[in-house]
Amino acid sequence: MVEGGVIKADKTEFTECFRTIGRTPYILRLAFSAGIGGLLFGYDTGVISGALLYIKDEFKEVDRKTWLQETIVSMAVAGAIVGAGLGGWLNDKIGRKPTIIIADVLFFIGAIIMALAPVPWVIILGRIFVGLGVGMASMTSPLYISETSPTRIRGALVSTNGLLITGGQFLSYLINLGFTQVKGTWRWMLGVAAVPAFVQLILMLSLPESPRWLYRKDKVSEAEAILASIYPPEELEEEMKALKASIESERAEEGSDGGGNMLSKIKQAWGSQVFRRGLYAGVTVQVAQQFVGINTVMYYSPTIVQLAGFASKSTALALSLITSGLNAVGSIVSMMFVDRHGRRRLMIISMVGIITCLVVLAIVFYQAAAHAPKISLAESTHFGVNSTCSAFTSAQNPATWNCMTCLKAASDCSFCANKGNELHPGACLMNTNGLKAACHGEHRVYFTEGCPSKFGFLAVILLGAYIISYSPGMGTAPWIVNSEIYPLRYRGIGGGIAAMANWTSNLIVSETFLTLTQAFGSAGTFLLFAGFSIIGLVSIYFLVPETKGLPIEEVEHMLEKGFKPRFLGRVKEENKISEA
């Protein structure tokens with residue numbers, strides 16, 4: 001008999017989640033309280049996109065140096081790499097609950113440091129603290145939810161963490177938009193994150209530890225008491241029997257009670273074929289999740305919207321709010337279908353949509369650059385001879401220049417659109433506050449990131465389609481897979497390694513995005529991500545098994561047999577759950 005009795009995966013329905021929660025509201029309390037870690041994860045990774053626009057206004061060195069902008073964004077990701085690895089160790093050492101509480105403290109400290117930062121390096125310090133919290137929360141919250149959820153609705157409940165991540169990102173854009181006219185703008189945007197961190201800390205103090213971790217530590221009576229509040233009496237006995245059998249099997253295999261230092265545990269884990277196969281799948285989906293380029297959209301969404309031709313910060317933030325909202329909607333779709341159609345199938349369908357959108361986006365941005373407004377010498381000298389960008393005046397063939405040529409020529413060049421029509425030839429100016437004010441004073445539009453384009457609105461629509469393709473599959477399924485694919489004794493280690501792979505990939509992508517757009521243009525950058533996505537799709541097809549409807553202990557049995565891919569993740573009959 002497997003954990004939780006016989007579960008028929010193909011009968012799992014999203015409505016079962018509502019029925020179960022209706023009978024046992026305590027389950028929702030556990031999932032939601034832990035899921036606030038996902039909200040913080042989403043908020044702190046999303047808020048920087050809007051805050052960066054105003055940080056550049058206050059600190060001119062940030063505006064001038066692309067690497068400094070990338071560092072402010074990416075230091076949270078660097079912190080998350082360390083936090084994920086540390087979180088994996090803490091999860092096994094002190095438990096899931098204390099690890100989440102430590103993450104909350106780090107979130108709170110980081111938010112306060114950023115809000116009070118007098119110089120850019122202090123913002124970076126605060127981002128590192130926040131990143132440590134994000135790394136811990138990113139792998140601990142879904143793990144805690146998974147281990148306190150009934151098997152038949154585990155996928156839907158772990159998806160609440162994904163919903164709260166996307167909800168946090170949506171909230172960050174909403175708050176960014178709300179603070180655009182408030183004194184202190186970016187300080188409020190970054191400091192607000194302290195509030196949900198404090199709320200979760202208070203909630204977690206009243207919640208229990210994971211019953212599976214407690215049982216592993218020989219606290220059997222405590223584990224049984226918690227499971228009794230989750231499972232009905234007729235299922236509790238079978239749940240306890242399955243948990244006991246699983247842990248006894250683990251201890252027989254490892255020949256000890258699981259002690260030893262982290263290095264020896266990692267070496268021991270790597271010696272397990274089941275762990276290695278699970279890790280291949282877990283790392284594959286986490287790396288693929290990042291190399292589709294999602295966090296370039298989440299971290300730099302307003303900048304991308306400006307690259308598409310919308311110069312106004314408030315307009316860029318408002319349009320970014322739409323894409324972030326679609327991300328949250330996609331998470332709800334995932335909750336509805338992940339337990340019905342499976343994790344693997346959703347990821348494969350998601351990747352096909354992502355690749356299509358990235359290729360079309362590349363075409364649109366290429367056309368936008370090719371049809372950018374021309375540069376007019378008369379317009380460029382309109383604000384005074386010394387106002388013209390020096391790169392333009394010294395160019396050998398200025399007649400061939402357009403807006404995109406001007407902006408790429410030097411970091412101190414800007415484009416002031418024609419007063420009558422933004423798509424008509426405009427001015428290539430020095431990028432100074434005085435000339436910006438003069439351009440706005442004549443009711444013109446001032447561009448520093450992108451150029452006026454008739455393709456701009458189409459680019460925003462495609463960004464929305466990209467998010468819709470990403471969120472239900474690649475947005476949530478990788479975290480679900482990683483919460484259930486490792487043996488219990490190695491779950492902290494496996495989840496920590498996979499989360500570190502996720503955040504390392506995230507760091508590479510976010511730290512290089514602006515540099516890539518300068519080197520290859522927006523079109524080339526999106527095409528590069530499309531290539532990475534194709535590699536990710538192939539890897540998922542061959543390495544990632546379906547875990548839909550499988551009790552956690554049964555996942556181990558499947559990995560022992562090995563995984564052979566079938567179209568859209570249909571598992572072979574021998575991999576389905578056997579009845580006792």
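Starting from 1, residues in each chain are numbered consecutively following that chain's sequence as written. The model is predicted, so local features are restricted to residues of pLDDT at least 70 and side-chain atom pairs to those at 80 or more, both for listing and for counting; the totals for chains, interfaces and linings are taken over all residues. In computing side-chain values, all of the structure's heavy atoms are included and hydrogens and water are not.

**Considerations on the overall build of the protein chain**
Note the following rule: The secondary structure listing takes helices from DSSP runs of H or I that are at least 4 residues long and strands from runs of E that are at least 2 residues long, numbered from the N terminus. Residues are treated as being in contact if the distance between any of their heavy atoms lies within 4.5 Å. All accessible-area figures derive from a Shrake-Rupley calculation using a 1.4 Å probe, and residue coverage is judged against the displayed protein chains alone.
Counting its secondary structure elements, the protein chain contains 25 helices and 3 strands. Put simply, 82% of the contacts in the protein chain that link residues at least 6 apart link residues at least 24 apart. Of the accessible surface of the protein chain, which amounts to about 21,800 Å², a share of 64% is contributed by carbon and sulfur atoms.

**With respect to the sheet that holds strand E2 (residues 427-430)**
In any sheet, the strands associate via hydrogen bonds between backbone groups, in a parallel or an antiparallel arrangement. Selection rule: Two strands are said to pair when DSSP picks up at least two bridges between them.
A sheet is described by the order of its strands in space; here 3 strands give the open sequence E2-E1-E3, paired in antiparallel fashion. One side of each edge strand has no neighbouring strand; the edge strands of this open sheet are E2 and strand E3 (446-447). Of the pairings in the sheet, the one linking strand E1 (residues 413-416) to E2 comprises 4 bridges and is antiparallel in character. Across the sheet, the residue bridging to Cys-413 is Met-430, located in E2.

**Remarks on the packing of helix H2 (residues 25-58) against helix H9 (residues 194-205)**
Each pair of packed helices gets described by two things: the angle between the helix axes and the distance between those axes. Note the cut-off: Only the stretch in contact is used when a helix axis is fitted, and all axes are lines through C-alpha atoms; the angle between N-to-C directions ranges over 0 to 180 degrees. Every angle not falling under 35 degrees, over 145, or within 65 to 115 is termed oblique; those three ranges are roughly parallel, roughly antiparallel and roughly perpendicular. For a crossing to be left-handed, the near helix must be turned anticlockwise from the far one by less than a right angle; the clockwise case is right-handed.
Running from N to C, H2 and H9 cross one another at 160°; their axes reach a closest spacing of 9 Å. When the axes of H2 and H9 are compared, the pair comes out roughly antiparallel. Every pair of crossing elements has a handedness; the one defined by H2 and H9 is left-handed. For the pair formed by H2 and H9, the contact residues are Ser-33, Ala-34, Ile-36, Gly-37, Leu-39 and Leu-40 on the first element and Pro-196, Ala-197, Val-199, Gln-200, Leu-203 and Met-204 on the second.

**Quick notes on helix H4 (residues 66-93)**
Filter applied, for reference: Under the convention used throughout, the expected extent of a helix is 1.5 Å for every residue step, that is, one less than its residue count. The reported bend at a residue is simply the angle between two axes, fitted to the 7 residues ending at it and to the 7 residues beginning with it. To sort residues, take the accessible area from a 1.4 Å probe on protein chains only and compare it with the maximum for the residue type: under 20% means buried, over 50% means exposed, and anything in between is partly exposed.
Here H4 is 28 residues long and its end C-alpha atoms lie 41 Å apart, about the 40 Å a rise of 1.5 Å per residue gives. Remark: the principal bend of H4, roughly 40°, maps to Ser-74. Of all 28 residues that make up H4, 20 are buried, and the element is covered over most of its length. Looking one or two residues beyond H4, the residue adopting positive phi is Gly-95, at roughly 110°.

**A word on the pattern of salt bridges**
To keep it simple, the criterion reads: A carboxyl oxygen of Asp or Glu within 4 Å of a side-chain nitrogen of Lys or Arg is what we treat as a salt bridge.
For the structure shown, the criterion picks out 8 salt bridges. Taking the shortest distance from any N to any O, the salt bridge between Glu-237 and Lys-241 comes out at 3.4 Å. One end of the pair, Glu-237, and the other, Lys-241, are both in helix H12 (residues 233-254), 4 residues apart, so they sit about a helical turn from each other. We classify Lys-241 as partly exposed; its relative accessible area is 47%. We note a salt bridge from Arg-444 to Glu-442, for which the minimum N-O separation is 3.2 Å. Since its relative accessible area comes to 23%, Glu-442 is described here as partly exposed.

**Observations regarding the environment of Trp-503**
Checked against the element boundaries, Trp-503 lands in helix H24 (residues 491-543). A residue is classified by how much of its surface remains accessible, and Trp-503, at 1% relative accessible area, is buried. Sequence-wise, Trp-503 and Gln-290 are 213 residues apart; in three dimensions their C-alpha atoms are separated by 8.2 Å.

**Concerning the nonpolar core**
Basically, it comes down to this: To form a nonpolar core, buried Ala, Val, Leu, Ile, Met, Phe, Trp, Tyr and Cys residues must be joined to one another through side-chain atoms within 4.5 Å.
Ile-354, Tyr-466, Met-474 and Ile-540 are the most contacted members of the largest nonpolar core, which has 53 residues in total. Broken down by secondary-structure element, the contributors of at least two residues to this core are helix H14 (273-291), helix H15 (294-307), helix H17 (343-370), helix H22 (456-475), helix H23 (477-484), H24 and helix H25 (552-561). Sorting elements by how many residues they give to this core places H17 first, with 12 residues. In this view, Met-474 contacts Val-285, Ala-288, Gln-289, Met-347, Ser-350, Met-351, Ile-354 and Ile-540; residues no more than four positions away in its chain are not counted. Core analysis: the second largest hydrophobic core is formed by 51 residues, Ile-36, Val-62, Val-134 and Ile-165 among them.

**A few points about the state of the cysteines**
Here is the rule: When two cysteine sulfur atoms lie within 2.5 Å, the pair is treated as a disulfide.
This model, assessed by the stated rule, comprises 4 disulfides. Note that Cys-389 is cross-linked by a disulfide to Cys-413, the S-S spacing being 1.8 Å. Of this pair, Cys-389 sits in the loop between helix H18 (377-380) and helix H19 (390-393) while Cys-413 sits in strand E1, and the two are 24 residues apart along the sequence. For the pair Cys-389 and Cys-413, a shared accessibility class is recorded, and that class is buried. The disulfide partner of Cys-406 is Cys-428, and the S-S distance across this bridge is 2.2 Å. Disulfide Cys-406 to Cys-428: torsion about the S-S bond roughly 90°, handedness right-handed. Of this pair, Cys-406 sits in helix H20 (residues 403-409) while Cys-428 is found in strand E2, placing the two residues 22 residues apart along the sequence. Like Cys-406, the residue Cys-428 is buried in the burial classification. When the bonded cysteines of the protein chain are counted from the start of the sequence, the pairing works out to 1-4, 2-8, 3-6, 5-7.

**A look at unusual backbone geometry**
Despite not being glycine, Asp-218 shows a phi value in the positive range, around 65°. Residue placement: Asp-218 occurs in the loop between helix H10 (211-216) and helix H11 (220-228). One non-glycine residue, His-443, adopts positive backbone phi at about 60°. Looking at the element boundaries, His-443 is found in the loop between helix H21 (433-441) and E3. Relative accessible area serves as the criterion here: at 69%, His-443 is assigned to the exposed category.

**Notes on the pairing of E1**
Because side chains alternate across E1, one face comprises the buried residues Cys-413 and Phe-415, and the other comprises Ser-414 and Cys-416, equally buried. Taken together, the 2 bridges between E1 and E3 define a ladder with antiparallel strand orientation. Each residue of the ladder has a partner; that of Cys-416, found in E3, is Tyr-446.

**So, the confidence of the model for the protein chain**
We count it as follows: Note: pLDDT gives the predictor's confidence per residue, expressed from 0 to 100.
In the predicted model, the protein chain carries a mean pLDDT of 81, and 88% of its residues have values of at least 70. Model confidence for the protein chain, summarised as mean pLDDT per element, is weakest for helix H1 (residues 14-23) at 66 and strongest for E2 at 94. Predicted confidence is poor over residues 1-13, with pLDDT under 50, and the contacts of this stretch with residues over four places away or in other chains come to 31 contacts. Predicted confidence is poor over residues 568-580, with pLDDT under 50, and the contacts of this stretch with residues over four places away or in other chains come to 28 contacts.

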